[in-house]
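Now for the letters of each chain:
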Amino acid sequence: MVAFQPAVSPLLPASPVAWQFSFVSGKLLLPEPEQGMFGPQVLSELPLHAVQTHYLGRLDGVDCWTASLEIIPTGWRAVSLRTAMQEMSTELMSLAARAAQVIEWDRAHRYCGVCGTPTVLEPTERCRSCPACKHVAYPRLSPAMMALVWRGKELLLARSPGFAPGFYSALAGFVEAGESLEDCVHREVAEEVGVQVSKLRYYGSQSWPFPHSLMVAYTAEWQEGEIVPQAGEIEDAQWFSIDALPGIPPRFSIAGHLIRDTVAAMRAEEA
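This structure is a prediction, so every number in the text was calculated from the model and none was measured.

S.K.: Break down unusual backbone geometry for me, citing the residues and quoting the values.
M.R.: In this chain, Leu 12 is followed by Pro 13 through a cis amide linkage whose omega measures -10 degrees. Structurally, the position occupied by Pro 13 is in the loop between strand E1 (4–6) and strand E2 (18–24). Here Phe 210 and Pro 211 are connected by a cis peptide whose omega angle stands at 0 degrees. In this fold, Pro 211 is placed in the loop between strand E13 (196–208) and strand E14 (213–224).

In structure tokens form, the structure reads like this:
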């Protein structure tokens with residue numbers, strides 16, 4: 001199993017090659033096709049002109065860095081993070097997500113949110129501190145629940161206005177202040193589609209760097225109520241037989257895993 005060892009300060013001795021996740025205007029840099037596959041490189045060959053760099057740790061003994069650049073270097077191309085992640089292994093996808101969130105945190109906290117003083121990086125932990133008022137800013141994390149509601153051999157799937165035509169997914173929403181994850185599941189399901197659920201079962205979680213979410217996924221059994229889509233939030237919501245699903249998210253997202261694994265479990269119960 002490939003092991004990732006997170007760290008804030010570079011580990012010694014440095015590895016002879018390194019992964020570097022470089023970003024220009026929020027897009028990840030990948031080599032042009034003629035340059036070969038994205039992979040570890042010797043430091044002298046990594047993209048230059050970095051505005052800021054951050055050490056992430058080591059993946060299977062190889063140092064990992066992230067950097068923010070102002071221009072796209074020769075031989076590289078800028079790709080949306082979502083597109084790049086779909087082509088990566090699970091380990092690299094997780095690292096790319098971490099790198100993107102560290103870069104976004106660094107960009108958004110150059111100045112103190114309390115008094116406006118320029119902040120400074122702390123050498124021993126992932127934070128920026130204010131030398132004037134001592135306010136400390138850590139990377140932001142926004143927890144969000146995801147709920148796949150089931151009834152017999154049917155799944156309740158919905159689509160937001162921005163989804164591609166024919167594309168549906170599980171319900172999802174951000175956790176509010178003072179709310180537990182379970183409270184959030186019940187509230188969001190009721191708000192988005194008007195039904196009540198029970199028998200919540202935790203499925204798993206995924207870091208989702210758009211820009212800094214933590215998706216926490218559950219399955220839940222329908223208890224009562226008819227579907228009433230929330231105006232402005234849900235374009236359509238329906239019960240779908242597990243044998244006649246619409247377009248669903250790819251497996252690189254936890255929604256794609258959640259739906260497919262739930263369907264597989266339901267079919268296994270029939271066997």
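S.K.: Residue-level account of helix H3 (residues 181–193), with values.
M.R.: Given 3.6 residues to a turn, an α-helix orients residues that are three or four positions apart in the same direction. An ideal rise of 1.5 Å per residue puts 18 Å on 13 residues; H3 measures up with 18 Å between its terminal C-alpha atoms. Those residues of H3 that sit buried are Cys 184, Val 185, Arg 187, Glu 188, Val 189, Glu 192 and Val 193. Positive backbone phi, approximately 75 degrees, marks Gly 194, located one or two places after H3.

S.K.: An account of the packing of aromatic side chains is needed here, citing residue identities and associated values.
M.R.: The geometry of two aromatic rings is summed up by the distance between their centres and the angle between their planes. Overall, the coordinates contain nine aromatic pairs when judged by the stated rule. A centroid spacing of 5.5 Å and a plane angle of 65 degrees characterise the contact between Phe 21 and Phe 38, whose relative ring orientation is edge-to-face. Of this pair, Phe 21 sits in strand E2 while Phe 38 sits in the loop between strand E3 (27–31) and strand E4 (50–59), and the two are 17 residues apart along the sequence. In this structure Phe 21 comes out as buried when scored by relative accessible area, which is 0%.

S.K.: Requested: an account of the sheet that holds strand E9 (residues 136–137), with residues and values cited.
M.R.: In spatial order, the strands read E7-E8-E9; together these three strands make up an open sheet with antiparallel pairing. Looking at the sheet topology across the chains shown, the edges are occupied by strand E7 (120–121) and E9. As judged from the two bridges shared by strand E8 (residues 128–129) and E9, these two strands associate in the antiparallel manner. Bridging from a neighbouring strand, Arg 128 pairs with Ala 137 of E9.

S.K.: Please provide a residue-by-residue account of the pattern of salt bridges, values included.
M.R.: The final tally for this structure, using the stated rule, is 14 salt bridges. Among the salt bridges present, the one from Asp 106 reaches Arg 110, with a minimum N-O distance of 2.7 Å. Residue Asp 106 is classed as buried on the basis of its relative accessible area of 2%. Residue Glu 188 is joined to Arg 187 by a salt bridge in which the shortest nitrogen-to-oxygen separation is 3.2 Å. Assessed through its relative accessible area of 8%, Glu 188 is described here as buried.

S.K.: Give a detailed account of helix H2 (residues 90–108), specifying residues and quantitative values.
M.R.: Compared with an ideal rise of 1.5 Å per residue, which puts 19 residues at 27 Å, H2 spans 27 Å between its outermost C-alpha atoms and is within 8% of the ideal. What H2 keeps buried is the set Leu 92, Met 93, Leu 95, Ala 96, Ala 97, Ala 99, Ala 100, Gln 101, Val 102, Ile 103, Trp 105 and Asp 106.

S.K.: Kindly report on the side chain of Arg 159, identifying the contributing residues and their values.
M.R.: Along the chain, Arg 159 turns up in strand E11 (residues 154–159). A distance of 3.1 Å separates a polar atom in the side chain of Arg 159 from the backbone oxygen of Phe 163. A polar contact of 2.6 Å, which involves the side chain of Arg 159, links it to the side chain of Glu 235. Here Arg 159 is in contact with Ala 164, Pro 165, Gly 166, Phe 167, Tyr 168, Glu 233, Ile 234, Glu 235 and Asp 236, once residues within four sequence places are set aside.

S.K.: Talk me through the environment of Ile 227; I want residue IDs and the actual numbers.
M.R.: Relative to the helices and strands, Ile 227 is located in the loop between E14 and strand E15 (236–241). Looking at Ile 227, the relative accessible area reads 22%, which means it is partly exposed. Taking C-alpha positions, Ile 227 is 9.0 Å from Leu 156, a pair spaced 71 residues apart along the chain. Not counting the four nearest positions on each side in its chain, Ile 227 is found in contact with Leu 156, Val 193, Val 195, Ala 237, Gln 238 and Trp 239.

S.K.: Any details on the nonpolar core? Residues and values, ideally.
M.R.: By size, the foremost hydrophobic cluster in this structure holds 50 residues, and its most contacted members are Phe 21 and Met 88. For this core, the element with the highest residue contribution is H2, accounting for 10 residues. Ignoring anything within four residues of it in the chain, the contact list for Met 88 reads Phe 21, Leu 28, Phe 38, Met 93 and Ala 96. Grouped together as the second largest cluster of nonpolar side chains are 19 residues, Leu 156, Cys 184, Val 197 and Trp 239 included.

Definitions and cut-offs
- The numbering scheme is per chain: residues are counted from 1 as the chain's sequence reads.
- Only residues with pLDDT of at least 70 are given local features in this predicted model, and only at 80 or more are side-chain atom pairs given and counted; all residues enter the totals for whole chains, interfaces and linings.
- Water and hydrogen atoms play no part in the side-chain values, which are based on all heavy atoms of the structure.
- Counting from the N terminus, the helices are the DSSP runs of H or I reaching at least four residues and the strands are the DSSP runs of E reaching at least two.
- Expected helix span is computed as 1.5 Å times (number of residues minus one).
- For every residue, the accessible area (1.4 Å probe, protein chains only) is compared with the maximum for its type, and the residue is labelled buried under 20%, exposed over 50%, or partly exposed between those bounds.
- To pair, rings of Phe, Tyr and Trp, with the six-membered ring standing in for Trp, must have centres within 6.5 Å; the planes then decide the type, stacked if under 30 degrees apart, edge-to-face if over 60, and tilted in the middle.
- Strands qualify as paired when DSSP identifies two bridges or more between them.
- A pairing counts as a salt bridge when a side-chain nitrogen of Lys or Arg comes within 4 Å of a carboxyl oxygen of Asp or Glu.
- N or O atoms within 3.5 Å of each other form a polar contact, as long as, within protein, one can give a hydrogen and the other can take it, and as long as residues adjacent in sequence are counted only when both atoms are side-chain atoms.
- Contacts were defined at the residue level, with two residues in contact if any of their heavy atoms lie within 4.5 Å.
- To define a nonpolar core, start from buried Ala, Val, Leu, Ile, Met, Phe, Trp, Tyr and Cys residues and group those joined through side-chain atoms within 4.5 Å.

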